[in-house]
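Residues per chain, in single letters:
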Amino acid sequence: MTEIQGAEAVGQAATASPGPADTALPAIDLMGVAKEFAAHGETVRAVKNVDLAIRQGEFFSMLGPSGCGKTTTMRMIAGFEEPTRGSVHLYGEDVTGVPANKRDVNMVFQSYALFPHMSVFDNVAFGLRRRRTGKAELVRRIGEILEIVDLTGREKRRPEALSGGQQQRVALARALVNRPRALLLDEPLAALDLKLRQAMQIELKRIQREVGITFVYVTHDQGEALTMSDRIAVMNDGVIEQLGAPRQIYEEPATKFVAGFIGTSNLLSGTVNEVTDGRAVILSGDGERIIAPVGESVTTGTRLELTVRPEKIELSSERPDGDLCALRGTVTEVTYQGTSTSYTLMTSAGAEVVAFRQNLDSSAAMAARGEAVWLSWRPQHSYAIGATGGGDG
């Protein structure tokens, strides 16, 4: 199925406005969903037994690198792919095996799939006309949705006369005018330049709040997911590595993959020397230590892997006082980034660490390459992502 055919098929979906919502019922529920493909005589497991409940009215993102299974998962929700195993439920109804044009969801593709010979009005009206919507109702609904996506006054223009951001809004309007229960978006901002993409992130979230329906957004761009989402599923190799709110995903990564994929993260490790009041202490060198909150399974001798974000780290020429984590390091690279300066450092234990310093004062002295410094951060900013050996860990 081509993307334009796909847009037509989804555009024909049943679009009766939902009745009073049972907010306890997930909008989309995947139960043990798996998808396998045959390729070159081998079986490729694209999605591996995913369980996922997406709430009504939330902006939900599936985030991960190319080939992680996120787009395949979305296509199974839309009905363009059928699960090898498991089932897909929309508002409690099992739609596994139901064709795309019979599912109460619409999809916006990366290429927008607009009809170039049609005006903005006719592009948006396409699905309504296929369902023989009355003229007065059609005009009213198109006027409402064009106002929401800020395209009022551009009804007669063709796609070629619109900017990339405006074309994307037409695609959104065409999908939303059908009043689906959920809207699926497959990397719709990928073709836009950085500044426009950032502006459209804010616009998408605004539009989602105004229409109040469930958005499911597929992206490999962590910034997009963090900016727009109520919750994020981070996918890797066909499985969900972590599911949670953006702040939780960023501040409390569940695995090394999530810590490394979401933003910039420093991964450190060491053996616990002592545990006091739920805090583990790792000593390394003269005056150096890492302190981290830990669970009951961590005891003396436990091998810990920890992460600390670059913006949490302070640099100083003298060892910091107080109850702080402190490591020695040597600056190996300094990169000016406008709002901040990035420092790459090598610790005395041989670990590479990145620290960000906001450029609040343009006259402030900067650490130079080759300079020996102390790195410090608060214990609560050390996050343990793995524990092996020692006690129950």
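What comes next is a walk through the structure.

How each quantity is defined
- Residues numbered from 1 in each chain as written.
- Predicted model: local features only at pLDDT ≥ 70, side-chain atom pairs only at ≥ 80, totals over all residues.
- Heavy atoms only, no water.
- Helix = DSSP H or I, 4+ residues; strand = E, 2+ residues; numbered from the N terminus.
- Buried < 20%, exposed > 50% of the residue type's maximum accessible area, 1.4 Å probe, protein only.
- Contact = heavy atoms within 4.5 Å.
- Areas by Shrake-Rupley, 256 points an atom, 1.4 Å probe, with all protein chains shown as cover.
- Lys, Arg positive; Asp, Glu negative; His and termini not counted.
- Charge placed at Lys NZ, Arg CZ, Asp CG, Glu CD.
- Salt bridge = Lys/Arg side-chain N within 4 Å of Asp/Glu carboxyl O.
- Core = buried A, V, L, I, M, F, W, Y, C linked by side-chain atoms within 4.5 Å.
- Pairing = 2+ DSSP bridges.
- Axes fitted to C-alpha atoms, helices over the stretch in contact; angles between N-to-C directions.
- Expected span 1.5 Å × (residues − 1).
- Arc of directions from axis to C-beta.
- Parallel < 35°, antiparallel > 145°, perpendicular 65-115°, else oblique.
- Left-handed = near helix turned anticlockwise from the far one by under 90°.

**Things to note about the overall build of the protein chain**
1) Next: Across its full length, the protein chain carries nine helices and 21 strands.
2) Next: Residues counted as buried form 46% of the 393 residues belonging to the protein chain.
3) Next: Within the protein chain, counting contacts between residues at least 6 apart in sequence, those at least 24 apart form 69% of the total.
4) Next: Only carbon and sulfur atoms are counted for the fraction: they give 48% of the accessible area of the protein chain, which is about 18400 Å².
5) Next: When the 42 basic and 48 acidic side-chain charges of the protein chain are each reduced to a single mean position, those positions are 8 Å apart.

**Some words on the pattern of salt bridges**
Opposite charge on two side chains lets them pair, provided their charged atoms get close.
1) Next: In this structure the tally under the stated criterion is 22 salt bridges.
2) Next: In this structure, Glu81 and Arg75 form a salt bridge, with 3.7 Å as the shortest nitrogen-oxygen distance.
3) Next: With a relative accessible area of 25%, Arg75 lands in the partly exposed category.
4) Next: Each member of the salt-bridge network shares a partner with another, and the members are Asp150, Arg169, Glu203, Arg206 and Glu210.

**Describing the nonpolar core**
1) Next: Val124, Ile142, Leu146, Leu183, Leu185, Leu204 and Phe215 are the most contacted members of the largest nonpolar core, which has 33 residues in total.
2) Next: Elements with a minimum of two residues in this core: α3 (120-130), α4 (135-148), α5 (164-176), β7 (182-186), α6 (194-211) and β8 (214-219).
3) Next: The element that contributes the greatest number of residues to this core is α5, accounting for six residues.
4) Next: Filtering out sequence-adjacent residues up to four positions away, Ile142 remains in contact with Phe121, Val124, Ala125, Leu128 and Val177.

**A look at the sheet that holds β7**
1) Next: The mixed open sheet is built from six strands, whose spatial order is β6-β7-β8-β3-β9-β10. What marks the edges here is a single partner per strand, and that holds for β6 (105-108) and β10 (239-244). Averaged over all neighbouring strand pairs, the angle between strand axes comes to 20°, with direction disregarded.
2) Next: One ladder, built from five bridges, connects strand β9 (residues 231-236) with β10; its direction is antiparallel.

**Observations concerning unusual backbone geometry**
1) Next: For Arg132, which is not glycine, the phi dihedral falls at a positive 60°.
2) Next: Mapped onto the elements of the fold, Arg132 is located in the loop between α3 and α4.
3) Next: With a relative accessible area of 76%, Arg132 lands in the exposed category.

**Structural notes on the environment of Leu243**
1) Next: In this fold, Leu243 is placed in strand β10.
2) Next: For Leu243, a relative accessible area of 35% gives the class partly exposed.
3) Next: Placed 115 residues apart in sequence, Leu243 and Leu128 show a C-alpha to C-alpha distance of 36 Å.
4) Next: If near-sequence neighbours (up to four positions away) are discounted, Leu243 is found in contact with Leu52, Phe60, Arg231, Ile232, Ala233, Gln248 and Ile249.

**Examining α4**
1) Next: Taking 1.5 Å of rise per residue, 14 residues should cover 20 Å, and α4 covers 20 Å from first to last C-alpha, within 8% of that figure.
2) Next: For α4, the complete set of buried residues consists of Leu138, Arg141, Ile142, Ile145 and Leu146. Looking down the long axis of α4, one finds its buried residues gathered within 130° of arc, a one-sided arrangement. Those residues of α4 that are exposed and angled more than 90 degrees off the buried face are Ala136 and Glu147.
3) Next: Its buried side turned inward, α4 meets α3, α5 and α6.
4) Next: Positive phi shows up at Asp150, right after α4, with a value of about 60°.

**Some words on the packing of α3 against α5**
1) Next: Where α3 contacts α5, the axes come no closer than 7 Å and their chain directions differ by 30°. By the angle between their directions, the pair α3 and α5 is classed as roughly parallel. The hand of the α3/α5 crossing is right-handed. Of the residues in α5, those in contact with Val120, Asn123 and Val124 of α3 are Val170, Ala173 and Arg174.

**Notes on the packing of α3 against α4**
1) Next: It is the contact of α3 with α4, at a shortest axis distance of 10 Å, that shows an interaxial angle of 125°. Judged by the angle between their axes, α3 and α4 are oblique. Once α3 is placed against α4, the crossing between them reads as right-handed. Each of Val120, Phe121, Val124, Ala125, Leu128 and Arg129 in α3 lies in contact with α4, whose residues at this interface are Leu138, Val139, Arg141, Ile142, Ile145 and Leu146.

**Here we look at α3**
1) Next: Where α3 is concerned, the buried positions are Val120, Asn123, Val124, Ala125, Phe126, Gly127 and Leu128.
2) Next: Looking one or two residues beyond α3, the residue adopting positive phi is Arg132, at roughly 60°.

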